[in-house]
Structure formats: C-alpha cells, structure tokens
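Okay, here's what each chain looks like letter by letter:
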Amino acid sequence: MSEKPRLRPEWVAPRRTALLVIDLQVDFAAPEGVMAQSGADMKQVEAAQAKIAELVEAARTAAVPCVFTRAVTAPERQTPIEAEGRGRHGEPAPTICLAGSHGADFVEPRPREGELVITKQRYSIFPGTGLAETLKSRGVDTLIFCGLTTECCVQSSAWDAFERDFHVFIAADAVAAYEPALHQAALRSLELSGAILAPAAAFAVSWKH
C-alpha cells in the first residue's frame, strides 16, 4: 500500500490556489439555525468552525484568495424535478437557508469586502455559478475545501472540481458533518479518488514557506 502524500508547499502555492469556504451559514452552523434546532449534533461543526477561522486568516495573510459559497433556497426557484423530489420525502417546499432569512446569513468567519461570494442552488458550488471559469481566468488550478457539510456540499463540490480539472485538497479538520461516520466515509472516498487531506495547520505552514 502506497504512503499518503505529504503536503508540499509548491502544491498549494498562493499564486495557483484558492480557499473555498463552503456554506458556513446560520442554518447549518449556528445554535439558532435549522439544523441545531432540529436536534443535530453540533460538536463537530463547532470544532471545524474554529479551524476554518484559523485557515481563512492564514490564507488572507498569505494572499490566497478566499471564496465564500452559500446555499440560498426559495420555493419559486425549485425546478419541477426538485419539487417532486421534495414531495416524495414529505418536504413540499425548502425550509433551510431561505432567501432573505437570517438562516441564509453567513457566520464567522464571514467574507470581507472584495472577496468572492458565490450563491448556489445546488449541492455543488459549480453549476450555474461561473466559478470554475472565474478561478481559471485568475490562474487558479488548485482548490482547498473547508466548510459544511463533508458528505454533502463539500463532497459534491470536490467531485465536481475533479471533473473540471482542478487539484483537490481537503482541510480535514475544517470540514464537518452532523454524523461522524458520514464525515469519515466522505473523507475516505475523496482520498481514495485523489484528493489530498491535511489539517488546516499544515496549509498555514506551507504558505509561510
């Protein structure tokens, strides 16, 4: 069995890299949000949020661009397939991160003026957002993922990034799910498919070099 690759500074050099902060929003991460109020275990989310804050600060210091993505839903934006699919699960209308609601707002660390913010309506950050084209026009070919949730929007976006010819890195302690088993399984499947996993601190150290 081959050894896991060690993170090399040139692989995540600021000139070629972007940090993607996925869906760090009230409904997913805050005590008053939908997930917490529905009884989800927030311990892993809280731990990841602290690591995300450290990673974002390190990226800003190293001039690595930070891209913040957010899910925003609205009943009128559903496609017929989405509406029918929700109905099959007993959810005729979206209830999380509703457009204009507090639940759709960012939590810390929030984007700063001038940083790219992507609003999405799918699990992946790429369809219909033009993000891949924007990043490549800036010379970015390497993406570091952090945020929520590991098995859903992080994993979906990472798979999509592979298909769009990006190098994929995951800050493994700066992503989280509400169920530890789902978190671990998602990370393992991504790693087996070519993603490189490293703790948030490792990226910060690499940027110092």
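In this text, all values refer to a predicted model and were calculated from it rather than measured experimentally.

Draft legend 1. Quick peek at the overall build of the chain. Of the regular secondary structure elements, the chain holds eight helices and six strands. Each helix and strand of the chain, placed in order from N terminus to C terminus, yields the pattern β-α-α-α-β-α-β-α-β-α-β-α-β-α. A principal-axis box enclosing the C-alpha atoms of the chain has dimensions of 50 × 35 × 35 Å. Scored against the burial criterion, the 209 residues of the chain give a buried share of 46%. Long-range contacts, defined here as pairs at least 24 residues apart, represent 78% of the contacts in the chain between residues at least 6 apart. Counting every atom, the chain has about 10600 Å² of accessible surface; 53% of that belongs to carbon and sulfur. Taking the 21 positively charged and 26 negatively charged side chains of the chain as two groups, their mean positions are separated by 5 Å.

Draft legend 2. Inspection of the pairing of strand β4 (residues 142–148) at higher detail. Counting buried residues in β4 gives seven out of seven residues, a clear majority hidden from the surface. Here strand β1 (residues 17–22) pairs with β4 via six bridges, running parallel. Note that in β4 the partner of L20 across the bridge is F145. Pairing between β4 and strand β5 (residues 167–176): six bridges, direction parallel. Within β5, the position partnered with L143 by the bridge is V168. Traced from β4 through helix α6 (residues 150–163) to β5, the parallel crossover comes out right-handed.

Draft legend 3. Focus on the side chain of T17. Note on placement: T17 falls in strand β1. A relative accessible area of 0% means that T17 is categorised as buried. In this structure the side chain of T17 is engaged in a polar contact, spanning 3.3 Å, whose partner is the backbone oxygen of V12. Discounting residues that sit within four places of it in the chain, T17 has contacts with W11, V12, V64, P65, V140, T142 and I144.

Draft legend 4. Geometry of helix α7 (residues 180–192). Between its first and last C-alpha, α7 extends 18 Å over 13 residues, near the 18 Å set by a 1.5 Å rise per residue. Within the span of α7, buried status applies to H183, A186, L187, L190 and E191. Projected down its long axis, α7 carries its buried residues within an arc of 130 degrees, all on one side. Of the residues in α7, the exposed ones pointing more than 90 degrees away from the buried face are A181 and L192. Against the buried residues of α7 lie α3 (43–61), α6, β5 and β6 (196–198). After α7 finishes, the residue G194 shows a positive phi value of roughly 120 degrees.

What counts and how
Residues numbered from 1 in each chain as written. Predicted model: local features only at pLDDT ≥ 70, side-chain atom pairs only at ≥ 80, totals over all residues. Heavy atoms only, no water. Helix = DSSP H or I, 4+ residues; strand = E, 2+ residues; numbered from the N terminus. Buried < 20%, exposed > 50% of the residue type's maximum accessible area, 1.4 Å probe, protein only. Contact = heavy atoms within 4.5 Å. Areas by Shrake-Rupley, 256 points an atom, 1.4 Å probe, with all protein chains shown as cover. Lys, Arg positive; Asp, Glu negative; His and termini not counted. Charge placed at Lys NZ, Arg CZ, Asp CG, Glu CD. Pairing = 2+ DSSP bridges. Right-handed = clockwise from strand over helix to strand, strands pointing away. Polar contact = N/O pair within 3.5 Å; in protein donor to acceptor, adjacent residues only side chain to side chain. Expected span 1.5 Å × (residues − 1). Arc of directions from axis to C-beta.

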